[in-house]
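Here are the chains, one letter per residue:
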Amino acid sequence: MTPLKAAIGDAIAAAYAVGGLRAPAAGCRVLMYHAIGGAVAGDTQQLYSLAPDLFARHVGMLKRHPVVSLSEGIARGEGLAVTFDDGYRDNLTVAAPLLVEAGIPFTVFVVPTFVESGAPQYLSRSEVVSLARLPGVTIGAHGYSHARLTACDDGTLARELTASRAWLEDLLGAPVTTMSYPHGAVDDRVAAAAAAAGFTLAACSRFGSHRIGGDCYRVPRTDIWSFDGARRLQSKIAGQWDWMAWR
């Protein structure tokens with residue numbers, strides 16, 4: 001999604017809103033962030049690293065909404081939840097201070113091999129623990145090696161899920177029952193494997209909102225991009241970008 005395509009998307013979203021065709025916004029809306037200021041590997045279009053000052057403006061807008069933890073939002077089928085994928089160090093150093101000060105709960109989905117790699121853009125073991133101890137923070141799994149789960153054979157799929165959960169639980173000394181699918185890749189086989197691995201909630205990358213009775217192993221999330229200003233963020237929260245689910 002380039003800025004030009006995003007501008008076209010804004011026009012479509014506006015047409016939905018003005019024409020009364022806006023996608024329903026009822027349910028729990030889950031926002032998906034990645035890095036805040038740091039580099040994102042493989043992000044050739046520079047979609048997934050928000051400038052810290054822009055993220056600060058996002059936080060200011062989020063404070064106007066009923067933001068809840070991911071598990072609470074899914075259980076109630078309402079509210080707004082904030083998540084981060086991959087486990088970037090700036091989630092702790094940049095995003096967390098702003099969110100904690102604002103009283104906004106959030107979930108960070110961590111990849112064990114990224115942590116163990118020692119690469120500077122990712123959280124270290126001690127930093128994952130420090131992040132988990134902050135008020136309102138939940139740590140979830142994001143696969144053991146960030147493999148595309150739909151492309152894994154059955155044995156590899158089971159190991160990716162069970163090993164990621166076991167690694168995090170061993171590190172944190174607490175249950176980890178929430179995950180997001182790497183690359184957003186999920187099908188019936190992967191969803192069933194996530195349930196078998198002991199996860200009770202799994203998020204994908206399809207736009208939309210989660211309502212009571214919805215599939216807890218395909219929780220929709222709304223992708224947030226590096227060039228999403230206040231107006232676009234508000235339109236995404238309002239459901240005006242849910243047409244992207246059919247892209």
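Just so it is clear, the model here is predicted, and its values are computed rather than measured.

Rules behind the numbers
Residues numbered from 1 in each chain as written. Predicted model: local features only at pLDDT ≥ 70, side-chain atom pairs only at ≥ 80, totals over all residues. Heavy atoms only, no water. Helix = DSSP H or I, 4+ residues; strand = E, 2+ residues; numbered from the N terminus. Buried < 20%, exposed > 50% of the residue type's maximum accessible area, 1.4 Å probe, protein only. Contact = heavy atoms within 4.5 Å. Areas by Shrake-Rupley, 256 points an atom, 1.4 Å probe, with all protein chains shown as cover. Pairing = 2+ DSSP bridges. Right-handed = clockwise from strand over helix to strand, strands pointing away. Core = buried A, V, L, I, M, F, W, Y, C linked by side-chain atoms within 4.5 Å. Polar contact = N/O pair within 3.5 Å; in protein donor to acceptor, adjacent residues only side chain to side chain. Phe/Tyr/Trp six-rings, centres within 6.5 Å; stacked < 30°, edge-to-face > 60°. Lys NZ or Arg CZ within 6 Å of the ring centre and 35° of its normal. Salt bridge = Lys/Arg side-chain N within 4 Å of Asp/Glu carboxyl O. Axes fitted to C-alpha atoms, helices over the stretch in contact; angles between N-to-C directions. Parallel < 35°, antiparallel > 145°, perpendicular 65-115°, else oblique. Left-handed = near helix turned anticlockwise from the far one by under 90°. Nonpolar A, V, L, I, M, F, W, Y, C, P; charged D, E, K, R; others polar.

### Remarks on the overall build of the chain
- For the chain, the count of helices and strands is 9 helices and 9 strands.
- Out of the 247 residues belonging to the chain, those deemed buried represent 51%.
- Considering only contacts within the chain whose residues lie at least 6 apart along the sequence, 69% involve residues at least 24 apart.
- Surface accessibility of the chain: about 10,600 Å² in total, with carbon and sulfur atoms responsible for 56%.

### Some words on the pairing of strand β4 (residues 79–86)
- For β4, a buried count of 8 out of 8 residues is recorded, marking the element as mostly surrounded by other parts of the structure.
- As defined by bridge partners, β4 adjoins strand β5 (residues 106–110) across 4 bridges and the pair is classed as parallel. Looking at β5, one finds that Thr83 is bridged to Thr107.
- In this region the chain leaves β4, passes through helix α4 (residues 90–102) and returns to the parallel neighbour β5; the handedness of that crossover is right-handed.

### A word on unusual backbone geometry
- The backbone of Asp86 sits at a positive phi, close to 90°, despite the residue not being glycine.
- Tracing the backbone shows Asp86 in strand β4.
- On the accessibility criterion, Asp86 (7% relative accessible area) is buried.
- Even without glycine at this site, His183 takes up a positive phi of about 65°.

### Here we look at the nonpolar core
- In terms of nonpolar packing, the biggest core is built from 50 residues, with Tyr33 and Phe84 touching the most fellow members.
- Listed in part, the 9 residues of the second largest apolar core include Cys28, Val30, Ile74 and Phe109.

### Things to note about the environment of Gly229
- Within the fold, Gly229 resides in the loop between β9 (222–223) and α9 (230–237).
- On the basis of relative accessible area, Gly229 is assigned to the partly exposed category, the value being 29%.
- Those residues within four positions of Gly229 in sequence are excluded, and the remaining contacts are Leu54 and His58.

### Overview of the side chain of His58
- Inspection of the secondary structure puts His58 in helix α2 (residues 52–62).
- Under the relative-accessibility criterion, His58 is labelled buried at 1%.
- A distance of 2.9 Å separates a polar atom in the side chain of His58 from a polar atom in the side chain of Tyr33.
- Setting aside its immediate chain neighbours within four residues, His58 contacts Tyr33, Leu50, Ile224, Asp228, Gly229 and Leu233.

### Details of α9
- Those residues of α9 that sit buried are Arg232, Leu233, Ser235, Lys236 and Ile237.
- Just past α9, the residue Gly239 takes up positive phi, approximately 90°.

### Things to note about the pairing of strand β6 (residues 137–141)
- Within β6, 4 of the 5 residues are buried, which leaves the element mostly enclosed by the surrounding structure.
- Examined bridge by bridge, β5 and β6 share 5 bridges and lie parallel to one another. Considered in β6, the bridge of Phe109 is made with Gly140.

### Considerations on the packing of aromatic side chains
- Under the defined criterion, the tally for this structure stands at 10 aromatic pairs.
- Within the aromatic cluster, the residues linked to one another by ring pairs are Phe207, Trp225, Phe227, Trp241 and Trp243.
- Between the NZ or CZ atom of Lys236 and the centre of the ring of Trp225, over which it lies, the distance is 3.4 Å.
- Looking at Lys236, its charged tip hangs above the ring of Trp241, at a distance of 5.4 Å from the centre.

### Regarding the pattern of salt bridges
- For the coordinates displayed, the defined rule picks out 12 salt bridges.
- The closest approach of N and O atoms between Arg76 and Glu78, which form a salt bridge, is 2.7 Å.
- Taking relative accessible area as the criterion, Glu78 reaches 39% and is therefore assigned partly exposed.
- Across the pair Asp228 and Lys236 runs a salt bridge, and its minimum N-O distance is 2.7 Å.

### Points about the packing of helix α7 (residues 154–172) against helix α8 (residues 188–196)
- Remark: α7 packs on α8, axes separated minimally by 9 Å, with the N-to-C direction vectors making an angle of 45°. In terms of orientation, α7 and α8 fall into the oblique class. Where α7 crosses over α8, the two elements pack in a sense that is right-handed. Two secondary-structure elements touch here, α7 through Asp154, Leu157 and Leu161 and α8 through Arg189, Val190, Ala193 and Ala194.
- Here the residues of the contact of α7 with α8 are counted per class, giving 5 nonpolar, no polar and 2 charged.

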